[in-house]
Amino acid sequence: MQSPYAITPAATPVYAPLAILLHWILAVLIISMIALGWFMTAIEDDPGSAWYFRLHKSIGLIIAGLVLLRLVWRLGHQPAPLPASIARWQVSASKAGHGLLYAAMVAMPFFGIVGSMLSDKDFLFFGIPLPRVFQPNHDLAEIFFEAHSVTTWILVGLISLHALAGLKHLVIDKDGVFQRMWFSRQGPHHGP
(Lines give C-alpha, C1' and ligand atoms only; values in the text may rest on other atoms or scores of the structure.)
Protein backbone atom coordinates (compact mmCIF):
# COMPACT_ATOMS: atom_id res chain seq x y z
CA MET A 1 0.00 0.00 0.00
CA GLN A 2 1.32 3.38 -0.97
CA SER A 3 1.81 6.02 1.73
CA PRO A 4 -0.39 9.14 1.59
CA TYR A 5 2.82 11.08 2.22
CA ALA A 6 4.51 9.81 -0.93
CA ILE A 7 5.16 11.48 -4.26
CA THR A 8 6.92 10.37 -7.43
CA PRO A 9 10.77 10.48 -7.50
CA ALA A 10 10.81 12.88 -10.46
CA ALA A 11 8.91 15.46 -8.40
CA THR A 12 10.94 15.00 -5.22
CA PRO A 13 11.34 18.47 -3.68
CA VAL A 14 14.48 19.52 -1.85
CA TYR A 15 14.52 21.01 1.61
CA ALA A 16 14.76 24.77 2.04
CA PRO A 17 18.30 26.20 2.07
CA LEU A 18 18.06 27.16 5.77
CA ALA A 19 17.04 23.61 6.71
CA ILE A 20 19.90 22.12 4.68
CA LEU A 21 22.40 24.54 6.22
CA LEU A 22 21.20 23.84 9.78
CA HIS A 23 21.21 20.08 9.15
CA TRP A 24 24.84 19.99 8.03
CA ILE A 25 26.12 22.55 10.55
CA LEU A 26 24.51 20.57 13.36
CA ALA A 27 25.84 17.29 11.94
CA VAL A 28 29.42 18.60 11.95
CA LEU A 29 29.11 20.29 15.35
CA ILE A 30 27.44 17.37 17.11
CA ILE A 31 29.89 14.78 15.77
CA SER A 32 32.81 17.08 16.67
CA MET A 33 31.41 17.66 20.14
CA ILE A 34 31.00 13.93 20.77
CA ALA A 35 34.65 13.42 19.82
CA LEU A 36 35.72 16.38 21.98
CA GLY A 37 33.65 15.06 24.89
CA TRP A 38 35.29 11.66 24.75
CA PHE A 39 38.74 13.24 24.45
CA MET A 40 38.27 15.65 27.34
CA THR A 41 36.94 12.96 29.68
CA ALA A 42 39.97 10.82 28.83
CA ILE A 43 42.30 13.65 29.94
CA GLU A 44 40.04 14.99 32.70
CA ASP A 45 42.73 14.88 35.39
CA ASP A 46 45.56 16.22 33.19
CA PRO A 47 46.83 19.79 33.55
CA GLY A 48 45.12 22.11 31.10
CA SER A 49 42.08 19.87 30.60
CA ALA A 50 39.74 22.59 31.97
CA TRP A 51 40.20 24.50 28.70
CA TYR A 52 38.60 21.61 26.77
CA PHE A 53 35.69 21.43 29.20
CA ARG A 54 35.05 25.18 28.87
CA LEU A 55 35.21 24.89 25.06
CA HIS A 56 32.82 21.92 25.14
CA LYS A 57 30.32 23.85 27.25
CA SER A 58 30.51 26.98 25.06
CA ILE A 59 30.01 25.08 21.81
CA GLY A 60 27.29 23.03 23.51
CA LEU A 61 25.34 26.24 24.17
CA ILE A 62 25.65 27.17 20.49
CA ILE A 63 24.41 23.71 19.49
CA ALA A 64 21.47 24.01 21.90
CA GLY A 65 20.51 27.32 20.28
CA LEU A 66 20.82 25.88 16.76
CA VAL A 67 18.74 22.83 17.72
CA LEU A 68 16.02 25.13 19.07
CA LEU A 69 16.16 27.17 15.85
CA ARG A 70 15.88 23.95 13.83
CA LEU A 71 12.90 22.83 15.93
CA VAL A 72 11.11 26.15 15.50
CA TRP A 73 11.76 25.98 11.77
CA ARG A 74 10.54 22.38 11.59
CA LEU A 75 7.34 23.16 13.48
CA GLY A 76 6.48 25.84 10.93
CA HIS A 77 7.54 23.86 7.86
CA GLN A 78 6.28 20.35 7.29
CA PRO A 79 8.72 17.95 5.62
CA ALA A 80 8.35 17.28 1.93
CA PRO A 81 6.62 14.01 1.12
CA LEU A 82 8.84 11.04 0.36
CA PRO A 83 8.84 9.45 -3.11
CA ALA A 84 6.03 6.99 -3.82
CA SER A 85 8.59 4.19 -4.16
CA ILE A 86 9.37 4.30 -0.43
CA ALA A 87 7.68 1.48 1.48
CA ARG A 88 5.19 2.52 4.14
CA TRP A 89 7.29 0.92 6.92
CA GLN A 90 10.29 3.00 5.80
CA VAL A 91 8.20 6.17 5.94
CA SER A 92 7.12 5.24 9.49
CA ALA A 93 10.71 4.36 10.45
CA SER A 94 11.89 7.70 9.03
CA LYS A 95 9.36 9.63 11.08
CA ALA A 96 10.21 7.69 14.25
CA GLY A 97 13.95 8.08 13.64
CA HIS A 98 13.67 11.81 13.10
CA GLY A 99 11.53 12.17 16.23
CA LEU A 100 14.11 10.28 18.30
CA LEU A 101 16.96 12.33 16.79
CA TYR A 102 15.23 15.57 17.76
CA ALA A 103 14.48 14.26 21.26
CA ALA A 104 18.13 13.25 21.77
CA MET A 105 19.42 16.54 20.30
CA VAL A 106 17.29 18.43 22.82
CA ALA A 107 17.96 16.13 25.78
CA MET A 108 21.74 15.88 25.44
CA PRO A 109 22.54 19.62 25.73
CA PHE A 110 19.76 20.06 28.31
CA PHE A 111 21.35 17.46 30.61
CA GLY A 112 24.81 18.95 30.07
CA ILE A 113 23.67 22.53 30.68
CA VAL A 114 21.74 21.67 33.85
CA GLY A 115 24.66 19.56 35.09
CA SER A 116 27.01 22.50 34.49
CA MET A 117 24.67 24.87 36.31
CA LEU A 118 24.59 22.49 39.28
CA SER A 119 28.36 22.11 39.28
CA ASP A 120 30.49 24.11 41.69
CA LYS A 121 32.66 25.25 38.76
CA ASP A 122 31.97 28.49 36.90
CA PHE A 123 29.80 28.14 33.82
CA LEU A 124 31.37 30.26 31.09
CA PHE A 125 30.39 31.02 27.52
CA PHE A 126 33.71 31.66 25.76
CA GLY A 127 35.03 33.25 28.95
CA ILE A 128 31.85 35.18 29.83
CA PRO A 129 30.40 34.00 33.16
CA LEU A 130 26.78 32.93 32.96
CA PRO A 131 24.43 33.53 35.88
CA ARG A 132 24.15 30.71 38.39
CA VAL A 133 20.57 29.45 38.30
CA PHE A 134 20.95 26.67 40.86
CA GLN A 135 22.88 26.26 44.08
CA PRO A 136 25.80 23.89 43.50
CA ASN A 137 24.87 20.28 44.15
CA HIS A 138 27.63 17.84 43.21
CA ASP A 139 25.51 14.67 43.48
CA LEU A 140 22.68 16.07 41.38
CA ALA A 141 25.16 17.50 38.85
CA GLU A 142 26.68 14.02 38.46
CA ILE A 143 23.23 12.55 37.74
CA PHE A 144 22.71 15.09 34.95
CA PHE A 145 26.22 14.49 33.58
CA GLU A 146 25.54 10.75 33.54
CA ALA A 147 22.26 11.37 31.66
CA HIS A 148 24.26 13.58 29.27
CA SER A 149 26.69 10.71 28.69
CA VAL A 150 23.97 8.09 28.17
CA THR A 151 22.15 10.38 25.75
CA THR A 152 25.40 10.78 23.83
CA TRP A 153 25.55 7.03 23.21
CA ILE A 154 21.90 7.02 22.14
CA LEU A 155 22.62 9.90 19.77
CA VAL A 156 25.65 8.08 18.31
CA GLY A 157 23.40 5.12 17.52
CA LEU A 158 20.69 7.29 16.01
CA ILE A 159 23.17 9.32 13.93
CA SER A 160 24.73 6.09 12.67
CA LEU A 161 21.33 4.73 11.60
CA HIS A 162 20.42 8.08 10.02
CA ALA A 163 23.68 8.19 8.04
CA LEU A 164 23.33 4.56 6.93
CA ALA A 165 19.76 5.19 5.78
CA GLY A 166 20.91 8.26 3.83
CA LEU A 167 23.71 6.27 2.18
CA LYS A 168 21.26 3.48 1.34
CA HIS A 169 19.04 5.98 -0.45
CA LEU A 170 22.05 7.49 -2.25
CA VAL A 171 23.96 4.34 -3.27
CA ILE A 172 21.45 1.48 -3.37
CA ASP A 173 17.97 2.95 -3.90
CA LYS A 174 19.08 5.98 -5.96
CA ASP A 175 15.66 7.49 -5.28
CA GLY A 176 16.62 11.13 -4.70
CA VAL A 177 15.95 11.05 -0.94
CA PHE A 178 19.56 11.84 0.00
CA GLN A 179 19.72 14.73 -2.50
CA ARG A 180 16.74 16.39 -0.78
CA MET A 181 19.06 17.35 2.10
CA TRP A 182 22.14 18.08 -0.03
CA PHE A 183 23.33 21.40 -1.43
CA SER A 184 21.66 21.19 -4.82
CA ARG A 185 19.12 23.17 -6.77
CA GLN A 186 17.17 20.21 -8.10
CA GLY A 187 13.49 20.13 -7.38
CA PRO A 188 11.19 22.68 -5.76
CA HIS A 189 11.91 23.84 -2.20
CA HIS A 190 9.55 22.43 0.34
CA GLY A 191 9.27 21.95 4.06
CA PRO A 192 12.03 21.99 6.60
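As shown above, the structure is provided for reference.
Rules used throughout
Residues numbered from 1 in each chain as written. Predicted model: local features only at pLDDT ≥ 70, side-chain atom pairs only at ≥ 80, totals over all residues. Heavy atoms only, no water. Axes fitted to C-alpha atoms, helices over the stretch in contact; angles between N-to-C directions. Helix = DSSP H or I, 4+ residues; strand = E, 2+ residues; numbered from the N terminus. Parallel < 35°, antiparallel > 145°, perpendicular 65-115°, else oblique. Left-handed = near helix turned anticlockwise from the far one by under 90°. Nonpolar A, V, L, I, M, F, W, Y, C, P; charged D, E, K, R; others polar. Expected span 1.5 Å × (residues − 1). Buried < 20%, exposed > 50% of the residue type's maximum accessible area, 1.4 Å probe, protein only. Contact = heavy atoms within 4.5 Å. Phe/Tyr/Trp six-rings, centres within 6.5 Å; stacked < 30°, edge-to-face > 60°. Lys, Arg positive; Asp, Glu negative; His and termini not counted. Salt bridge = Lys/Arg side-chain N within 4 Å of Asp/Glu carboxyl O. Polar contact = N/O pair within 3.5 Å; in protein donor to acceptor, adjacent residues only side chain to side chain. 1 Å grid on protein atoms, 1.4 Å probe; cavity = no way out; pocket = protein on both sides within 12 Å on 5 of 7 lines; lining within 4 Å. Points joined across faces, edges and corners; volume = space filled by probe spheres on them.

Caption draft 1: Broad picture of the packing of helix α1 (residues 17–42) against helix α2 (residues 49–76). Between α1 and α2, whose axes approach to 10 Å, the crossing angle comes to 155°. Put simply, α1 runs roughly antiparallel to α2. Helix-helix and strand crossings are classified by hand; for α1 and α2 the assignment is left-handed. Of the residues contributing to the contact of α1 with α2, the split by class is 20 nonpolar, four polar and one charged.

Caption draft 2: Focus on helix α4 (residues 138–173). Along its 36 residues, α4 runs 50 Å from first to last C-alpha, staying within 8% of the 52 Å computed at 1.5 Å per residue. Among all positions in α4, only Ala141, Phe144, His148, Thr151, Thr152, Leu155, Leu158, Gly166 and His169 are buried. Contacts from the buried residues of α4 go to α1, α2 and α3 (88–118). Positive phi appears at lysine 174, one or two residues downstream of α4, with a value of about 50°.

Caption draft 3: Structural view of the packing of α3 against α4. Here α3 crosses α4 at 150°, and the two axes come no closer than 8 Å. One element, α3, and the other, α4, form an angle in the roughly antiparallel class. Read as a crossing pair, α3 and α4 show a hand that is left-handed. Across the contact of α3 with α4, the residue classes tally to 18 nonpolar, eleven polar and one charged.

Caption draft 4: Inspection of the packing of aromatic side chains at higher detail. In the structure shown here, the tally under the stated rule is ten aromatic pairs. For the ring pair phenylalanine 39 and tyrosine 52, a centre distance of 5.1 Å and an interplane angle of 80° mean the geometry is edge-to-face. Placement of phenylalanine 39 in helix α1 and of tyrosine 52 in helix α2 is noted, with a sequence separation of 13 residues between them. Overall, phenylalanine 39 belongs to the partly exposed group, its relative accessible area being 39%. When its relative accessible area of 28% is taken as the criterion, tyrosine 52 is described as partly exposed. Arranged with centres 6.2 Å apart and planes meeting at 50°, the rings of phenylalanine 111 and phenylalanine 144 form a pair that is tilted. You can see phenylalanine 111 sitting in helix α3 and its partner phenylalanine 144 sitting in helix α4, a full 33 residues away along the chain. You can call phenylalanine 111 partly exposed: its relative accessible area is 22%. In this structure an aromatic cluster arises from ring pairing among Trp24, Phe178, Trp182 and Phe183.

Caption draft 5: The side chain of aspartate 175, seen in detail. Tracing the chain through its elements places aspartate 175 in the segment after α4. The side chain of aspartate 175 sits in the buried core without any salt bridge; lysine 168 is the nearest counter-charge, 6.0 Å away. Polar side-chain contacts of aspartate 175 include one of 2.8 Å to the side chain of histidine 169.

Caption draft 6: Looking closely at α2. Here α2 is 28 residues long and its end C-alpha atoms lie 41 Å apart, about the 40 Å a rise of 1.5 Å per residue gives. Inspection of α2 places Ser49, Phe53, His56, Lys57, Ser58, Ile59, Gly60, Ile63, Ala64, Leu66, Val67 and Arg70 among the buried residues, and these make up the whole buried set. Tucked into the core, α2 has its buried residues touching α1, α3, β3 (124–125) and α4.

Caption draft 7: Layout of the pattern of salt bridges. This structure, assessed with the given rule, holds one salt bridge. One salt bridge in this structure joins lysine 168 and aspartate 173, with 2.5 Å as the shortest N-O distance. We classify lysine 168 as partly exposed; its relative accessible area is 31%. The partly exposed category is assigned to aspartate 173, whose relative accessible area is 30%.

Caption draft 8: Representation of the layout of surface pockets within the structure. What the largest pocket holds in volume is close to 1400 Å³. The wall of the largest pocket is formed by 44 residues, among which Ser94, His98, Leu101, His162 and Ala165 lie closest to the centre. At the level of elements, α1, α2, α3 and α4 are the ones that each hand at least two residues to the lining of the largest pocket. It is α3 that contributes the most residues to the lining of the largest pocket, twelve residues altogether. Residue classes in the lining of the largest pocket are distributed as 28 nonpolar, eleven polar and five charged. Here the second largest pocket is characterised by a volume of approximately 1100 Å³. As for the second largest pocket, its lining consists of 41 residues, and the residues nearest its centre are Met40, Thr41, Phe53, Lys57 and Phe145. Elements with a minimum of two residues in the lining of the second largest pocket: α1, α2, α3 and α4.

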